[in-house]
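Residue-level structural notes
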Amino acid sequence: MVNTGIPKSYTVSPSSFSGTPHLTINRDVTVDLDSTNAFEGPEKLLEVWFSASPASLPASLPASTAPAGLKIVPSDLWKDMLDLVNCKVLSVVESEHVDAYLLSESSMFVFPHKLILKTCGTTTLLSGLPKILEIAALTAGFPHTIGNTFLGTATSAIPYRVFYSRKNFLFPDRQHGPHRSWRDEVRSLDRLFLGGSAYMIGKMNGEHWYLYLTEPNTILTPPATPERRETEVKTLDLPATRATITDRGEQDEEQDETLEVLMTDLDPKNAKQFYLDHASAVAEGQYYRQARKARVEAQKHLGDIGDNMSLDDSAIDIFSNTRDSFDLDTPESHLPFPAELSAEGHALGTVVSESSGLADVYPSCKYPDARIDAYLFTPCGFSANGVIPGPTSTHYFTVHVTPETHCSYASFETNVPSQQTGRETAEVIEQVVSIFKPGRFSVTLFEAKNGYGEDLDGEVVKVAGGDRVKDSKARKRESRGRMELVRGYRRVDRIVHDLEGYELVFKYYERLDWEGGAPRIGEAGF
């Protein structure tokens, strides 16, 4: 049960001590924050890596920076960058390995070696990329070169690798800047990086997903760029059959995987729980049930006292601060209801994360040091970041919901390895999908290659002159985790692709009883 007695002055978690994630709320931004005009749920997702892992940060980093890396950057500098993106910081959960920023439009995660920025609505995410490279160079001290003056940066850090992706938009004609079309986004990225690869995965006339990535040890576009061909967009609509064996260099010791579940056409009953009036009613019910339980306990305790001492009942009134008279059959509706539980975003965000079941995806009983930072918007809409400490590093999950019927959308993303949870990927997907009951959804699973030379269907590949013996049981366990079956849904699309250092699985599902609707093409002028 959520503790609904949150003081108005609450700004930092009571558990704000070393090694424990703690929360800081930006009250100035959260006041009067309204989601009435929020409509574009599908997010733009950017990952900028400056080394392959936290353990492989460049040796040239200043002593004042290593081993914190990007985490040394003051939050005010990140806020300046986010101004270019057109979003604000609502709150921050800080931990040893990652700082999780909850934004007015989605989320940002800052690790020592990489930054993940995810924004929805009509934000201009790619407008902040040059500033990210500049901050990494000037403040964090990563190796850098002369910036691209065309984009307004004098100095740019040299990234190890860059990933940019998004689902097809619901309202592409309302986007701004470089996000009006995928071609414009690719052109914008090509101005910064040489040799990038752009993909469209899925049906052109249906649900699809876009991806742009650079190769390891990314090369920045020189300041004076000669005329050159723009990156061709590659369409992936057939499963890959062989993995390319490459020397990927140093990899993170832990499994590197990212799971995204992107859901549209949410069931109206399930979407209702992400409206402020519904959440406030849930909070009110919890509040008065807790009040009644406290009164029962107090009455019982008072009876125990009476059994052991002689007192005049009229001399004792433990409820004198709330009402002139009280009995257990009287409703508690006369108690003052805390204002923050009818309007304040973070308090109601906590209520929703628990009542909806999102807090149970990575439950506190199994992850006692985990922290969830959630916000419920006015009059509807929900965002949450979760920080999940592991044995040697900290992982995250993030959830964003736009519940309005005409544009309903929800996303769930996590990089918590399945090895850490002990659960199959399909179990996590089913649990998340059951919360929203979407009419249709797509799944992307990005996994670092295991380096053993198997192809994506589990066949043995000759490596260094010898065959690796396939562990059939391990392969079966892996296949069960590849989201083949989701109860209540049929799989429409399955695409598997081999990328430089990663394997990508894309799947698209529709609910069995869903009546369907016109596909969202996601490109203006298609």
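Residues numbered from 1 in each chain as written. Predicted model: local features only at pLDDT ≥ 70, side-chain atom pairs only at ≥ 80, totals over all residues. Heavy atoms only, no water.

**Topic: the sheet that holds strand E15 (residues 257–266)**
In a beta sheet, neighbouring strands pair by backbone hydrogen bonds and run either parallel or antiparallel. Pairing within the open sheet is antiparallel, and its eight strands lie in the order E16-E17-E18-E19-E15-E20-E24-E23. Of all the strands in the sheet, the pair left with one neighbour each is strand E16 (371–376) and strand E23 (489–499). Taken pair by pair, the neighbouring strands of this sheet meet at an average axis angle of 10 degrees, ignoring direction. With six bridges joining them, E15 and strand E19 (residues 409–414) adopt antiparallel strand pairing. Note on E19: the bridge partner recorded for Leu 262 is Ser 411. In the packing of helix H7 (residues 345–355) onto the sheet, the strands contacted are E16 and strand E17 (382–389), and the crossing angle to E16 comes to about 115 degrees. The sheet strands contacting helix H9 (residues 425–436) are E15, strand E18 (394–402), E19, strand E20 (438–448) and E23, and the helix crosses E15 at an angle near 25 degrees. (Pairing = 2+ DSSP bridges. Helix = DSSP H or I, 4+ residues; strand = E, 2+ residues; numbered from the N terminus. Axes fitted to C-alpha atoms, helices over the stretch in contact; angles between N-to-C directions. Contact = heavy atoms within 4.5 Å.)

**Things to note about helix H2 (residues 75–85)**
Within H2 the residues assigned to the buried category are Trp 78, Met 81, Leu 82 and Val 85. Down the axis of H2, the buried side of the element spans an arc of 100 degrees, and every buried residue falls inside it. Structurally, H2 contributes buried residues whose contacts are with strand E3 (89–94), strand E4 (99–103), strand E5 (106–110), strand E6 (114–119) and helix H3 (129–138). Downstream of H2 by a residue or two, Asn 86 has a phi angle that is positive, lying close to 75 degrees. (Buried < 20%, exposed > 50% of the residue type's maximum accessible area, 1.4 Å probe, protein only. Arc of directions from axis to C-beta.)

**What about the packing of aromatic side chains?**
Applying the stated rule across the entire model yields 17 aromatic pairs. Between Phe 274 and Phe 382, the ring centres sit 5.5 Å apart and the planes meet at 55 degrees, which makes this aromatic pair tilted. Of the two residues, Phe 274 is situated in the loop between helix H5 (268–271) and helix H6 (276–308) and Phe 382 in strand E17; the sequence distance between them amounts to 108 residues. Phe 382 shares its class with Phe 274; the two are buried. Members of the aromatic cluster, joined through ring pairs, are Trp 49, Phe 163, Phe 446 and Tyr 502. Geometry around Phe 111 places Lys 114 over its ring, the cationic atom sitting 4.9 Å from the centre. The ring centre of Phe 171 lies 4.6 Å from the NZ or CZ of Arg 174, which sits over that ring. (Phe/Tyr/Trp six-rings, centres within 6.5 Å; stacked < 30°, edge-to-face > 60°. Lys NZ or Arg CZ within 6 Å of the ring centre and 35° of its normal.)

**Focus on the environment of Pro 58**
As for its position among the elements, Pro 58 is in the loop between strand E2 (44–49) and H2. Placed 85 residues apart in sequence, Pro 58 and Pro 143 show a C-alpha to C-alpha distance of 7.8 Å. With sequence-adjacent residues up to four places away left out, Pro 58 is seen in contact with Phe 50, Ser 51, Phe 142 and Pro 143.

**Quick look at the environment of Leu 189**
Residue position: Leu 189 is located in helix H4 (residues 182–190). Counting along the chain gives 25 residues from Leu 189 to Thr 214, while the straight-line C-alpha distance between them is 9.8 Å. Once you skip the residues sitting within four places of it in the chain, Leu 189 turns out to touch Leu 126, Leu 129, Tyr 164 and Tyr 212.

**Observations regarding the pattern of salt bridges**
Taken as a whole, this structure holds 13 salt bridges when the rule is applied. Two residues, Asp 99 and Lys 71, come together in a salt bridge whose shortest N-O distance is 2.9 Å. Note that Asp 99 is positioned in strand E4 and Lys 71 in the loop between E2 and H2, a separation of 28 residues in sequence. For the pair formed by Asp 99 and Lys 71, the shared burial category is buried. The salt bridge partner of Lys 167 is Glu 207, with a shortest N-O separation of 2.8 Å. With a gap of 40 residues between them, Lys 167 in strand E9 (residues 161–167) and Glu 207 in the loop between strand E11 (197–202) and strand E12 (208–213) connect regions that are remote in the sequence. What you see here is one network of salt bridges that share partners, running through Lys 118, Glu 260 and Glu 413. (Salt bridge = Lys/Arg side-chain N within 4 Å of Asp/Glu carboxyl O.)

These values are about where atoms sit, not about what they do.
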